[in-house]
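The primary structure of each chain is shown beneath.
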Amino acid sequence: MCPLSTLHHLSQADSKSSKGTKAGKGSSSYSSSYSMSYGPPTPPTPKPTRSTLPPTTPPTSAPSPICCNPAYLEKLILINVYNNDVDIFDRDGPAKSAMEWLKGDTCSCGKFCTDLQLIQRYILAVLYYSTGGPNWTSCGDAASDATCEVQSSYGNSEGFNWLTCNSECEWGGTDCRNSGVLNVTDVEKNGLNGNLPPEIAKLSGLVVLALEQNQLKGPIPSSYGDLDKLVVLDFDFNELTGTLFDLRNMERLQQLDLNSNFLLGSIEGLGWDQTMLTFIDLSYNKFTGTIAPEIGDLGGLSESHYMYIPKEANDQMP
């Protein structure tokens, strides 16, 4: 490299030789000295074209969560809901339909991926398909990810359509009040038509189960008696048949409303005294026999609370 003094002398000499001559466009003393000192400038390197870029390896997609694996989903539900009844998904019905939905539910695949969420979503899907969900009065349009309104005393009276890409805790008539555990299923007067699925008994966190004023048919599954956290059970104004299940495991039950159905048989020996019942309505059914003596031991049935007994049983009272 030339010393600064050399560059200075060269610049002065060039300036003298160019006196009286009009500089051309772009010429200057700096560019002249630069050329004399270093030679012509190196042309800029052309930008690489697409053809000259080095080959790249396509990015590897992140591994899918295990809940996206159909085999895992089947195993999870079989173990936790059906006690390994391996044929359940081979038979046409709500269980098969709910499993097909769960496998195709892209929102469960990653967004709602815990075992608890998958089990809750599956069981609610069984209830949906068991009771004609697509024909519900409201909140049954699984193809529309929109809000809906439903009559619900304890759950979301304004929520999202069932089986949509929202938390099952936000579907119309549901609610979760304890770390994502489903506590409320309360869908009233909404055109539910069909049988009560036994799978509901696997929702062990339920506090409220209210499906009143619908068109529910068939028996109340005896397994509902295992819902030991249940406080409210309300199935009034339906078309339910069969006998009443054992209540002795329902130690927190406070409200039992089954009026205006077609239930029959005896109401004795069902463990009434093991509950905390303050409200009982069994009227307008076909129960027979006498009033269960242990009902009289329910301290919560005070003057400020109510008990409606079936007329047939009332006629049998001594």
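Look above for the structure.
Please read these numbers as outputs of a predicted model, since none were measured by experiment.

Caption draft 1: Main features of unusual backbone geometry. In this model, asparagine 83 sits at a positive phi of 50 degrees, which is unusual for a non-glycine residue. Its location among the elements puts asparagine 83 in the loop between helix 3 (70–81) and helix 4 (94–104). Taking relative accessible area as the criterion, asparagine 83 reaches 63% and is therefore assigned exposed. Backbone geometry places serine 260, a non-glycine residue, at a positive phi of 60 degrees. Here serine 260 shows up in the loop between strand 10 (255–257) and strand 11 (264–265). Taking the relative accessible area as the measure of exposure, serine 260 reaches 19% and is therefore buried.

Caption draft 2: View of the packing of aromatic side chains. Tallied over the full model, the rule gives nine aromatic pairs. Each ring, one from tyrosine 82 and one from phenylalanine 89, has its centre 5.9 Å from the other, and the planes form 85 degrees; the classification is edge-to-face. For the pair shown, tyrosine 82 and phenylalanine 89 are each scored as buried. Taken together, the ring pairs connect Trp101, Tyr128, Tyr129, Trp136, Trp162 and Trp171 into an aromatic cluster.

Caption draft 3: Quick peek at the sheet that holds strand 5 (residues 193–195). Across the sheet, which stays open at both edges, the three strands sit in the order 5-7-9 with parallel pairing between neighbours. Here the strands that pair on one side only, and so sit at the sheet edges, are strand 5 and strand 9 (239–241). The mean inter-strand angle of the sheet, taken between neighbouring strand axes irrespective of direction, is 10 degrees. By the bridge criterion, three bridges tie strand 5 to strand 7 (residues 215–219) in an arrangement that is parallel. Directly across from glycine 194, in strand 7, lies its bridge partner leucine 216.

Caption draft 4: Representation of helix 5 (residues 115–130) within the structure. Given a rise of 1.5 Å per residue, 16 residues ought to cover 22 Å, and the 22 Å separating the end C-alpha atoms of helix 5 matches this to within 8%. Burial within helix 5 is extensive, with twelve of its 16 residues counted as buried. Taken together, the buried positions of helix 5 are Leu118, Ile119, Gln120, Arg121, Tyr122, Ile123, Leu124, Ala125, Val126, Leu127, Tyr128 and Ser130. Check the buried side of helix 5 and you find it contacts helix 3, helix 4, strand 3 (174–178), strand 4 (181–186) and strand 5. At the exit of helix 5 stands glycine 132, carrying a positive phi of roughly 65 degrees.

Caption draft 5: Just helix 3, in detail. The end-to-end C-alpha distance of helix 3 is 16 Å, a good match for the 16 Å that twelve residues give at a rise of 1.5 Å each. Listed as buried for helix 3 are Leu73, Leu76, Ile77, Leu78 and Val81. Tucked into the core, helix 3 has its buried residues touching helix 4 and helix 5. N-capping of helix 3 is provided by asparagine 69, with a side-chain oxygen placed 2.9 Å from the backbone N of alanine 71. Where helix 3 terminates, the next one or two residues include asparagine 83, which has phi positive at roughly 50 degrees.

Caption draft 6: Local environment of the environment of asparagine 214. Inspection of the secondary structure puts asparagine 214 in the loop between strand 6 (208–210) and strand 7. What makes asparagine 214 buried here is its relative accessible area of 4%. Remark: the alpha-carbon pair of asparagine 214 and phenylalanine 237, spanning 23 residues in sequence, is separated by 6.8 Å. Apart from the residues lying within four places of it in its own chain, the contact partners of asparagine 214 are Val187, Glu188, Lys189, Asn190, Gly191, Leu192, Phe237 and Asn238. Looking at asparagine 214, its side chain comes within polar contact range of the main-chain oxygen of valine 187, at 3.1 Å. At a separation of 3.1 Å, a polar atom in the side chain of asparagine 214 contacts the main-chain amide nitrogen of glycine 191.

Caption draft 7: Examining the environment of leucine 116 more closely. Looking at the element boundaries, leucine 116 is found in helix 5. A relative accessible area of 35% means that leucine 116 is categorised as partly exposed. With 64 residues separating them in the primary sequence, leucine 116 and glycine 180 have C-alpha atoms 8.2 Å apart.

Procedures and definitions
Residues numbered from 1 in each chain as written. Predicted model: local features only at pLDDT ≥ 70, side-chain atom pairs only at ≥ 80, totals over all residues. Heavy atoms only, no water. Helix = DSSP H or I, 4+ residues; strand = E, 2+ residues; numbered from the N terminus. Buried < 20%, exposed > 50% of the residue type's maximum accessible area, 1.4 Å probe, protein only. Phe/Tyr/Trp six-rings, centres within 6.5 Å; stacked < 30°, edge-to-face > 60°. Pairing = 2+ DSSP bridges. Axes fitted to C-alpha atoms, helices over the stretch in contact; angles between N-to-C directions. Expected span 1.5 Å × (residues − 1). Contact = heavy atoms within 4.5 Å. Polar contact = N/O pair within 3.5 Å; in protein donor to acceptor, adjacent residues only side chain to side chain.

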